[in-house]
Each structure stands twice: as structure tokens, then as C-alpha cells.
Amino acid sequence: MAVEESGVDVTRRKKPPANKLSPQSSSLQRSQVFCESPNVMFLSERYLLAGLIIFRIANAFLIKTFFVPDEFWQGPEVAHRIVFGYGYLTWEWKEGLRGWSFPFIFATSYKVLALFGADTAKFLVVAPRLVQACFASYGDLFLYKLAVRRFGPQSGIWTLICYLISWFTFYCVTRTLTNSLETILTTVALYYWPSNRVKDSDDNNKEIIKALSFAAFSCIIRPTAAIIWIPLCAVYLLSSPNKSVFLFKCIFPVGCLTMLWSIVVNSWLYEKWTLVEVNFVKFNVINDMGTFYGSHPWHW
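What you are looking at is a predicted structure, and each value in this text was computed from that prediction instead of being measured.

Trainee: Would you take a moment to explain the pattern of salt bridges for this structure?
Mentor: Per the stated rule, a full pass over the model turns up 8 salt bridges. Measuring nitrogen to oxygen at the nearest pair gives 2.9 Å for the salt bridge that ties arginine 222 to glutamate 182. Placement of the pair is arginine 222 in the loop between helix 11 (202-221) and helix 12 (226-239) and glutamate 182 in helix 10 (residues 178-192), with a sequence separation of 40 residues. Since its relative accessible area comes to 10%, glutamate 182 is described here as buried. Salt bridges sharing partners connect three or more residues here, namely Asp70, Glu92 and Arg98.

Trainee: Is there a simple way to think about the packing of helix 4 (residues 76-84) against helix 6 (residues 101-115) in this case?
Mentor: Helix packing geometry: the angle between the two helix axes and the distance between the axes. It is at 8 Å that the axes of helix 4 and helix 6 come closest, and there the two elements cross at 50°. The angle between helix 4 and helix 6 places the two elements in the oblique class. Helix 4 and helix 6 meet at a crossing whose hand is right-handed. On helix 6, the residues that touch Pro76, Val78, Ala79, His80, Ile82, Val83 and Phe84 of helix 4 are Pro103, Phe104, Phe106, Ala107, Tyr110, Lys111 and Ala114.

Trainee: What is the right way to look at the state of the cysteines in this model?
Mentor: Any covalent bond linking the sulfur atoms of two cysteines counts as a disulfide. A full pass over the atoms with the stated rule returns 0 disulfides. With no disulfide of its own, cysteine 219 lies closest to cysteine 233 among cysteine sulfurs, the gap being 8.9 Å. Accessibility expressed as a relative area gives 18% for cysteine 219, which makes it buried.

Trainee: Help me understand helix 6, please; the structure alone is not making it clear to me.
Mentor: One full turn of an α-helix is made of 3.6 residues, so residues set three or four places apart face in the same direction. In a regular helix each residue adds 1.5 Å, so 15 residues correspond to 21 Å; helix 6 covers 21 Å between its end C-alpha atoms and thus fits that length. All of the buried residues along helix 6 are Ser101, Phe102, Pro103, Ile105, Phe106, Ala107, Ser109, Tyr110 and Leu113. Two residues or fewer past helix 6, glycine 117 is found with a positive phi of approximately 70°.

Trainee: Would you explain the environment of tryptophan 73 in this entry?
Mentor: By secondary structure assignment, the location of tryptophan 73 is in helix 3 (residues 70-73). For the pair tryptophan 73 and glycine 87, spaced 14 residues apart in the sequence, the C-alpha separation amounts to 9.4 Å.

Trainee: Got a minute to help me understand unusual backbone geometry in this structure?
Mentor: Most peptide bonds are trans, and most residues other than glycine sit at a negative phi. The phi dihedral of glutamate 271 falls on the positive side, at around 65°, and the residue is not glycine. In this structure, glutamate 271 sits in the loop between helix 13 (243-270) and helix 14 (276-286). You can call glutamate 271 exposed: its relative accessible area is 71%.

Trainee: In this structure, what is going on with the nonpolar core? I would like to understand it.
Mentor: If you look at the biggest cluster of nonpolar residues, it comprises 18 residues, and the most contacted ones within it are Tyr192, Trp193, Ile208, Leu212 and Phe246. Among the secondary structure elements, those contributing two or more residues to this core are helix 7 (121-151), helix 10, helix 11, helix 12 and helix 13. In terms of nonpolar packing, the next biggest core, distinct from the first, is built from 12 residues, Ala79, Tyr110, Leu113 and Ile221 among them.

Procedures and definitions
- Residue numbers restart at each chain and count upward from 1, following the sequence in its written direction.
- The model is predicted, so local features are restricted to residues of pLDDT at least 70 and side-chain atom pairs to those at 80 or more, both for listing and for counting; the totals for chains, interfaces and linings are taken over all residues.
- To get the side-chain values, take all heavy atoms of the structure and skip hydrogens and water.
- Just to be clear on terms, a salt bridge is a Lys or Arg side-chain nitrogen sitting within 4 Å of an Asp or Glu carboxyl oxygen.
- A helix here means a DSSP run of H or I that spans at least four residues, while a strand means a run of E at least two residues long, and both kinds are numbered starting from the N terminus.
- Exposure classes here rest on a 1.4 Å probe applied to the protein chains alone. A residue is buried below 20% of its type maximum, exposed above 50%, and partly exposed in between.
- To define axes, lines are fitted to C-alpha atoms, for helices over the stretch in contact only, and angles between the resulting N-to-C directions are given on a 0 to 180 degree scale.
- In these notes the angle categories are as follows: under 35 degrees is roughly parallel, over 145 is roughly antiparallel, 65 to 115 is roughly perpendicular, and the rest is oblique.
- In this scheme the handedness of a crossing depends on how the near helix is turned from the far one: anticlockwise by less than a right angle means left-handed, clockwise means right-handed.
- Should any heavy atoms of two residues lie within 4.5 Å, those residues are counted as being in contact.
- The term disulfide is used for any two cysteine sulfur atoms that are within 2.5 Å.
- Given a helix with a known number of residues, its expected span is that number minus one, times 1.5 Å.
- Nonpolar cores are built from buried Ala, Val, Leu, Ile, Met, Phe, Trp, Tyr and Cys residues. Side-chain atoms within 4.5 Å join them into one set.

What is shown is where atoms sit, not what they do.
Written out as C-alpha cells, the structure is:
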């Protein structure tokens, strides 16, 4: 006897054959599984990150030269002073134009070496490069994830390949430069930043807070990073249906915590109340002293 459901004879229903999907639809299904299945994404990210860490550590050891003096005077030399009490500080530090958060990262690795009695010259040279290599591998991963989120898995793979074989990235990204860490933090922040349409939801606000947190830390590391984030935040604010939520649940708490961190760390290590960001703007913009060291046209 045939069983009817909503007036339809279910015994006569025809199921589409499983093996007769077009290549395009099967490819689409694989893409959807890859993007939407948390387990698949987790496993893929884990193995990809492991491979990227190995790649960037090899990258760090293959680079035997120096590029610019700042890779020492902004990071390891200052970190050495924090931990061991001596190390040369350039004029920018005497003017209060540099933030201590960046060298503080490498100072942590130096402190660990000192605790284990491994603070030899060789390890003190290698440790910051290894730390930066780990940061760089996360930057690689989030660049791939950003491309996947915006354009799909295939674009993500090709974006990552192009980035990994870029000679300039290979030459610079594992160096202890504020520019390198700024690039990594900005990439992570852009991954979390909403790109399509403005949504007023708790999940969306959490993503924005993550983006702003990484963006804010990139500005602490290098204040010029604000050039990217001021227009992005302004556009989002103008298009947001609930501007007060964006301002008081996202911008205000992240901004206050970031400035608190900057004031506390810099004042502690400068041994006086110091707001580096104000000094930076005053020196480079208001007093225009930066042009003494060279300038470019406005469009540069």
C-alpha cells in the first residue's frame, strides 16, 4: 500500500542519483564544507599553522644580513636594556617618541633565557628572530583566512602562495621591525573587520571589538597605523544604524584600555609620566621635525 504525505505518493518520489552531480556543484559543496565545517577548518588551520611556523623559522635563520638599524635600535637593544640594565638608546627614546611595548615583547624572551641561564650572546641574537617568526606565521595564516573569507578558498590558497614567495616579505617579515609587527596585527584586524554590510548584533560587535583590539595594539606599536583605521572607523560609524552602540560598546572601551596600557607601560619604563602618542604627533606633525630626516610629496 502506498503511503501518502500531504497528498503526495511518497513511493513515487525520485531521489537524484548521488553520483551525477556536476563538477561545479561538487566543487561548490567541497568549498561549503571547507568554509562552514568547524572541524575541517580547525584541522586545516592547525596543520597549516604548523607548516607556516616551520617555514618562517627557516626564513629567520636564512636571513644573515641586516636591513636597517631600527631592527636593532627599536627592539633587541632596548629589550636588553630592560632585562639586563644596559643597552644603547637612540635619540628617539630620549625624546619620548618610541613606545616600550614592542621591545617589551622581546624582553620577555630575554627574561626567560636569563631564568634558565641560557642568556648567551648567540641565544640573545636568535630569540627575537624566533619570536618574530612565530608572529609572522600567524600573519600568514590570517592573510590566508582573510582571502578565504572575502573571495573563497581558491583565492585564499593563491594569495598565500604569492605572499610566501614574495622576496621582500621573505627579506623583512621576520626582522625585529615595528613595521613587520604592524603589518601582522593589521592583517589580523582586517580579518575580523566587517566588510559587507553593517549589522547591529552581539556577534558582529564581538568581531568588531577583536578587530579594534588588534588595530589599537598596532597603533601602540607604530602610531602611523592609525592612518588606516581612522577612515575605516569613520565610514563604519557613518553607515551604522546604531552609532551609540559602536561608539560606547566598541570604540570607547577598546580605546580606553589601549591608552591605559600605553600610559602605564611607557611611564613605568621612562620613569616619568609619558604619553608617547602625543609626543609623536607633536614632534612629527605640529613641530614638523620629521622633515629634517627627509620628506616625500603628500601623495607618497
